[in-house]
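# Survey of secondary and tertiary structure
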2 protein chains.
Amino acid sequence: MSKTAIYAKYIYYDGKIVEDSYLLINDEKVEKVVKEIPENQKYDYKIIERSNSAIFPGFINTHTHLPMVYFRGLADDLPLMEWLQKYIWPAENRWLSDEFVYDATLLAACELIKSGTICANDMYFYSDSIAQALINAGVKGVLGAGVLDFPTKFAKNPDEYLDKAKLLIEKYRDNDLINIAICPHAPYTVSPENYKKCIAFAERYGLVIHTHLAETEWEVNEIYNKYGKTPLKLMDEVGMLDTKSIFAHMVHLTDEEIEVAGKKKVNISHCLESNFKLASGFARVKELLDKGANVSIGTDGAASNNDLDILVEASVVTKFHKAYSGDATALDAKTALDMLTINAAKGLYLENTGQIKEGNFADFIIVNLDKVHLQPLYNPVSQLIYAAKSSDITDVFINGKHIMENRKILTIDEEEVLDKAKYWGKKISGVK
Amino acid sequence: MSKTAIYAKYIYYDGKIVEDSYLLINDEKVEKVVKEIPENQKYDYKIIERSNSAIFPGFINTHTHLPMVYFRGLADDLPLMEWLQKYIWPAENRWLSDEFVYDATLLAACELIKSGTICANDMYFYSDSIAQALINAGVKGVLGAGVLDFPTKFAKNPDEYLDKAKLLIEKYRDNDLINIAICPHAPYTVSPENYKKCIAFAERYGLVIHTHLAETEWEVNEIYNKYGKTPLKLMDEVGMLDTKSIFAHMVHLTDEEIEVAGKKKVNISHCLESNFKLASGFARVKELLDKGANVSIGTDGAASNNDLDILVEASVVTKFHKAYSGDATALDAKTALDMLTINAAKGLYLENTGQIKEGNFADFIIVNLDKVHLQPLYNPVSQLIYAAKSSDITDVFINGKHIMENRKILTIDEEEVLDKAKYWGKKISGVK
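Residue indices follow the written sequence of each chain, beginning from 1 at its first position. Chains carry letters from A onward and ligands carry numbers from 1 onward, assigned in written order. A pLDDT threshold of at least 70 governs which residues receive local features in this predicted model, and a stricter bar of 80 or more applies before side-chain atom pairs are shown or counted, although totals over entire chains, interfaces and linings include all residues. Only hydrogens and water are removed before side-chain values are computed, so all heavy atoms of the structure are retained for them.

## Some points on the overall build of chain A
Numbering goes from the N terminus for both helices and strands, where a helix is a DSSP run of H or I of at least four residues and a strand is a run of E of at least two. Counting its secondary structure elements, chain A contains 15 helices and 16 strands. Based on the C-alpha atoms only, the size of chain A along its principal axes is roughly 70 × 50 × 45 Å. Residue contacts are defined here by distance: any two heavy atoms, one from each residue, within 4.5 Å place the two residues in contact. Taking contacts inside chain A between residues at least 6 apart in sequence as the whole, the part at least 24 apart equals 72%. Each accessible area is a Shrake-Rupley estimate made with a 1.4 Å probe; only the visible protein chains count as cover when residues are assessed. Roughly 15500 Å² of accessible area belongs to chain A as shown, and the carbon and sulfur atoms make up 47% of that amount. Separation of charge centres in chain A, based on 49 positive and 62 negative side chains, amounts to 1 Å. His is not counted, nor are the chain ends, whereas Lys and Arg count as positive and Asp and Glu as negative. The location of each charge is read from NZ of Lys, CZ of Arg, CG of Asp or CD of Glu.

Printed below as a string of structure tokens:
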């Protein structure tokens, strides 16, 4: 058993700021917050002093495609279909392999850690290699086992995709960092029957289903032309709103769909910067929150964002939706922090996660407040969301394990990861 | 005479990327870029090695209120008028002084330097103290001498405001970092007659006029009710579009006004994050650029943004306007870089500024590319705008002077500046 006590200026404990206190960690769990450690217990704890810092819960990125970090900046400022067809798909076809995905995910894991992210909800191929990289980095992942109507080199049909998922589930059943999700890609690539198959499968194993929905106008038209209804209505009919599920994007919704999403407390991963950059449109997040939907934040892949920095994403989310809703009081700093933490944990059905409180997993970050853009400081939560940068995060703990200390990642060799990135970058440049 | 040669992987020289070269600096000016320094000249140069870095022109922030960094986070998530009337104005009335403004501007200068900004176009009070702080920090400023219809503690009437401006102009005439601008606040606080007075005065001294315009719907209605015309039309009639001028915000414009702004190549400072956060609305930047307006970027004050980080602002600007215009090819990375540099220099009528090229002032930044979010790297300009963070900027040169080296500011004592910020913060907290 290892016990750690961290002294900080501010600790965001159970949703409130506590000042000048110690956060006590017992192995992988949070014990409590105290003003003083009793004299007779002082030697039980490894004491870490961060008196000019604030401790916040670690962030959770609820929609991403981690290995795409190797394609960041390969093609920018292009329409979606040209971007996909001329650059991303050919590059994926040419390069994807277990080795590529493992190496790329290690790079992504470094970026996650350095921006305070303790868990990512991923959707990609070669999830076994993604899991291995995240485990080595010490970062939590909810990893999607993909399902499509059509055959790929991974499987011939939906049953085979789900058989592959079974292998992942068995392999990572007892792993305390990895959860498996089922990922039917989107309603334009997966039929209603196959969504139903995914639901039956996921419910048998108690898994979350993670899918893209209502990202573009094109998609909405496509689904309407095919099924005579909107994407969310279709999802409701197949049962996706009555099972453990999370929907990425949800940009193009009617008033009625927003009502339904609220009433059914639908879990949404809002990917604002990706929706900006690919010109997909603007999700109506204030209305969704007001109606009762559970909205968290995703960066989407680094090829369309172009980073995995969820803190800057949250800052843009809260600022943008004030103007978009015409209400400067909308999406305040605390709401943004909730979106990054408890809403995200809830959306991914992660227990004892998303808040620093007794019995929860000790997943937290330490933010150095001695920065010229963080002083004077009147409100720690405002300062975190509106002014702090990921580079102010000095330390990251995941399941009580010290993953980054004073900006140095302790679990993996960052230089080696950078060298690998450059090596792959040279190879990939050839196909441009 | 001091000569410096900086070796870098990429140099953005005269609008193009040059690889594996030396940038030669002669005193305060750029000399040229060379692949090799001739053997017989090697000892003339101080050689700086940054082989894993890229050199870009330094950024120019075209609308801000620097001393407001001391009010950052004092009041967030509030409607504009409540924010102003309950928090910002009382705090300003209570605390503003030459000492406050000097100390606050030093803090702001640190933030400018650390985010690669070599020049700020400021509008505030106590400009003499702002000038002193910027000179000590080694940062360029275009400092606004304020003009209002009504009396304040600074002056009784517009003639007196302009008399104060005269003192600033004389004091800083030969200073190579400071320019003075005339700042009639906005058309709802300055009458058409007084705008004309400002124009006559500015033209006599060859100065730029910097004003707020069309920031909120309230303003547009106010001006329409008072003068029967839109703010830009009013500006056109008083002659503001036919003199050296730059307009901050320009959020609420009609189609006709956008035509006029384009035709007259109006200089605009786009303050997207401030417009987001105060729920002011969305400027139609793509159309303004397409029609011929000269758009640059401002952060506005840190109390409404909440930072002076113009790099992250540019990243949000380019991404947002793709979705807002419905065109993923709009405002590409190069356009964003132009907005941060040459457009800004042009908008402020700064000569030999905004680009790294022979004879220009040596105002540039060095970006460390050995970061997990910057490798692999396919396109340096894309990577700068879409993925780099201000914390990747290691070095800043202004007028050939080394202002920041490996993140350490060489001109002022950052720790002392932070201590001052905390001291003022404690005092200001009392009024909350």
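## Overview of the UniProt feature "binding site: Zn(2+)" (unreviewed entry) in chain A
Residues and elements named next belong to chain A. UniProt positions are given in the numbering used here, feature names are shortened, and annotations may be inferred rather than shown by experiment. Residues given the UniProt feature "binding site: Zn(2+)" (unreviewed entry) here are His 63, His 65, His 212 and Asp 300. Taken together, the annotated residues stretch across 238 residues yet fold into one region, lying no more than 11.9 Å apart by C-alpha. In this structure, His 212 sits in strand β9 (residues 208–213). Residue burial is assigned from relative accessible area. The probe radius is 1.4 Å, only protein chains are included, and a residue is buried under 20% of its type maximum, exposed over 50%, and partly exposed in between. His 212 sits in the buried class, given a relative accessible area of 7%. When sequence neighbours within four positions are dropped, the list of residues in contact with His 212 reads His 63, His 65, Met 123, Pro 184, His 185, Ala 186, Pro 187, Tyr 195, Ala 248 and His 249. Structurally, Asp 300 can be placed in the loop between β12 (294–297) and α11 (310–325).

## With respect to the sheet that holds strand β6 (residues 117–123) of chain B
All names here are of chain B. For two strands to be treated as a pair, DSSP must find at least two bridges joining them. Pairing in this open sheet of eight strands is parallel, and the strands run β5-β6-β7-β8-β9-β10-β11-β12 from one edge to the other. Of all the strands in the sheet, the pair left with one neighbour each is β5 (59–64) and β12 (294–297). The mean inter-strand angle of the sheet, taken between neighbouring strand axes irrespective of direction, is 25°. Here five bridges tie strand β9 (residues 208–213) to strand β10 (residues 245–249), and the two strands are oriented parallel to one another. Bridge pairing in β10 places Ile 209 opposite Ser 245. Between the N-to-C directions of two axes lies an angle of 0 to 180 degrees, each axis being a line fitted to C-alpha atoms and, for a helix, fitted only over the stretch in contact. With respect to the sheet, helix α12 (residues 333–340) is in contact with β5 and β12, its orientation differing from that of β12 by roughly 80°.

## Let's talk about the interface of chain B and chain A
Each side of the interface is counted separately: chain B has 64 residues, and chain A has 64 residues. Accessible-area loss on putting two parts together, using a 1.4 Å probe and summing over both, is the definition of buried area adopted here. At the boundary of chain B with chain A, total buried surface from both sides reaches about 4900 Å², with 63% on carbon and sulfur atoms. The largest share of the area that chain B buries against chain A comes from B:Asp77, B:Val372 and B:Tyr378, three residues that together contribute 17% of it. Each reported salt bridge corresponds to a side-chain nitrogen of Lys or Arg within 4 Å of a carboxyl oxygen of Asp or Glu. Taken together, the connections running from chain B to chain A amount to eight salt bridges.

## A closer look at the domain arrangement of chain A
Residues and elements named next belong to chain A. Annotation of chain A at the domain level lists domain 1 (3–57 + 364–398) and domain 2 (59–347). In this document the domain limits rely on a domain assignment from an automatic tool or a database. Domain 1 and domain 2 are separated by 30 Å when their C-alpha centres are compared. Listed per partner, the contact involves 18 residues of domain 1 and 28 residues of domain 2. Looking only at domain 1, the three residues that lose the most surface to domain 2 are Ile 385, Tyr 386 and Ile 398, adding up to 43% of its buried area. Throughout this description, a polar contact denotes any pair of N or O atoms lying within 3.5 Å of each other; where both atoms belong to protein, one of them has to be capable of donating a hydrogen while the other can accept it, and for residues adjacent in sequence the pair is counted only when both atoms sit in side chains. At the boundary of domain 1 with domain 2, the tally comes to four residue pairs in polar contact (both at pLDDT 80 or more). For the side of domain 1 that touches domain 2, the secondary structure elements donating two or more residues are β4 (46–57), α14 (380–387) and β14 (393–398). Top element by residues in the side of domain 1 that touches domain 2 is α14. It accounts for five residues. Each residue gets one label: Ala, Val, Leu, Ile, Met, Phe, Trp, Tyr, Cys and Pro are nonpolar, Asp, Glu, Lys and Arg are charged, and the others, such as Gly, are polar. Counted by class, the side of domain 1 that touches domain 2 contains 13 nonpolar, three polar and two charged residues.

## Some remarks on the UniProt feature "domain: Amidohydrolase-related" (unreviewed entry) in chain A
In the numbering used here, UniProt assigns the "domain: Amidohydrolase-related" (unreviewed entry) feature to residues 55–401 of chain A. Here residues 55–401 of chain A runs as 44% helix and 18% strand, with 15 Å between its end C-alpha atoms.

## Quick look at the packing of helix α2 (residues 98–114) of chain A against helix α3 (residues 127–137) of chain A
Residue and element names in this part refer to chain A. The contact between α2 and α3 brings their axes to 8 Å, and the two run at 40°. With respect to each other, α2 and α3 are oriented oblique. Handedness of the α2/α3 crossing: right-handed. Here Asp 98, Val 101, Tyr 102, Thr 105, Leu 106, Ala 109 and Ile 113 of α2 lie close against α3, whose contacting residues are Ser 129, Ile 130, Gln 132, Ala 133, Leu 134, Asn 136 and Ala 137. For the contact of α2 with α3, the residue count by class is nine nonpolar, four polar and one charged. Small angles under 35 degrees read as roughly parallel and large ones over 145 as roughly antiparallel, with 65 to 115 read as roughly perpendicular and the rest as oblique. Handedness of each helix crossing follows the sense of rotation of the near helix against the far helix: counterclockwise by less than a right angle gives left-handed, clockwise gives right-handed.

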